[in-house]
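# Architecture and fold: a report
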Amino acid sequence: MPKDTLSQFLEILDQENKQEAVRFATELLEKGILSIEELYIQLLAPSLLFFSCKVADEEICIWKEHFRTSIIRTILEISYTYILKRLHQIPKVNKKVVILTPAFEYHEIGAIMNAHFMLLEGFDANYIGANTPKNEILSAIRAYEPDFIALSVTNPYNLVITKQITDEIRRFFPNVGIILGGQAFREKHNVESIKYDYILQSLDDLKAFRKQVSA
Ligand code: B12
């Protein structure tokens, strides 16, 4: 990525200039300066992960976080059209994946990004939403009949509900593989009681997973 691109983007975001931020990011894709993967990993993810509030802004911090996320979300939705342009050249894996965040988990950007990465790796992948109640997850599995269900969890408070959901998935749909991803699973002891088949955290993990399931 050209030097200064991230700092320029962060400056635009700091000014809460949505129009300029969207224009800046889509131009990088349009001109082929960054691929979708590079845009997400080098620009969009850091702009959220390193988001911090100035002391003077503390009272409006949550609002600022929401607004920044909404800008990033718009860029992600626009990027989907660039994914469609690449799809015809990507070898298919013939595996269906449903991606979501479980009940009470509102952090969804990692889930959306990885749904897009999965498409680019040849999976038939769909993100179905944030804060998804257990029964909705079970009916989504019944309706879509996916090979894998991927749960993205950020907040460790949501590990309890994640355990309940994965227990029921195993009980009612033993053939559906369970993928876990997100910050809550970075600590090994957080997954000790949870039933799962794969923990994936990065694009490299996804590439290795693709090789494994398409072998
Ligand atoms: C934006 C944001 C929000 C937004 C989310 C909006 C949205 N629509 O997503 C809002 C304002 C709603 C929010 C709310 C809250 N937030 Co918040 N939030 C963040 C922030 C700034 C960025 C998160 C993000 O999008 N990161 C960018 C993505 C790309 O990173 P990622 O999710 O980690 O995903 C990467 C990997 O984990 C992985 N991955 C993730 N999922 C998956 C899935 C698969 C299948 C795969 C393969 C990989 C994968 O791939 C991604 C790319 O590398 C973080 C700061 C931080 N350091 O993370 C805090 C943060 C996550 N939030 C935090 C907290 C505490 C909260 C609140 C409790 C605050 C409050 N008091 O209300 C609430 C909880 C809401 C809830 N019930 O979920 C804490 C969590 C601390 C902790 N570990 O418990 C953080 C770390 C801030 C902090 N430093 O304290 N938040």
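Below or above, wherever it landed, is the structure these notes cover. All values derive from a computational prediction rather than experimental measurement.

## Here's the deal with the coordination of the cobalt atom of the ligand
For a metal with four donors in a tetrahedral arrangement, the ideal angle between donors is 109.5 degrees, while six donors in an octahedron ideally sit at 90 or 180 degrees. With respect to protein ligation, the cobalt atom of the ligand binds only His-107 (NE2), at 2.2 Å. Residue position: His-107 is located in the loop between β1 (96-102) and α5 (109-120).

## A closer look at the side chain of Thr-26
Along the polypeptide, Thr-26 turns up in helix α2 (residues 18-30). Within the structure, Thr-26 has its side chain in polar contact with the backbone oxygen of Val-22 (distance 2.6 Å). For Thr-26, the contacting residues outside a window of four places in its chain are Ile-78 and Tyr-82.

## Topic: the site of the ligand
The environment of the ligand is made up of 27 residues, and the closest members are Phe-104, Tyr-106, His-107, Ser-152 and Gln-183. Here Glu-65 contributes a side-chain N or O atom positioned 2.9 Å from a nitrogen atom of the ligand. Those elements that place two or more of their residues in the shell around the ligand are α3 (36-49), α4 (61-87), α5 and β3 (148-152). The element contributing the most residues to the shell around the ligand is α5, with five residues. Each residue belonging to the shell around the ligand can be placed in one class, and the counts come to 11 nonpolar, 12 polar and four charged. Counting residues domain by domain, the shell around the ligand receives three or more from each of domain 1 (5-87) and domain 2 (96-214).

Rules used in this analysis
Residues numbered from 1 in each chain as written. Predicted model: local features only at pLDDT ≥ 70, side-chain atom pairs only at ≥ 80, totals over all residues. Heavy atoms only, no water. Donors = N, O, S within 2.8 Å, 3.2 Å for Na, K, Ca; no water. Helix = DSSP H or I, 4+ residues; strand = E, 2+ residues; numbered from the N terminus. Polar contact = N/O pair within 3.5 Å; in protein donor to acceptor, adjacent residues only side chain to side chain. Contact = heavy atoms within 4.5 Å. Near = heavy atom within 4 Å. Nonpolar A, V, L, I, M, F, W, Y, C, P; charged D, E, K, R; others polar. Domains from an automatic or database assignment.

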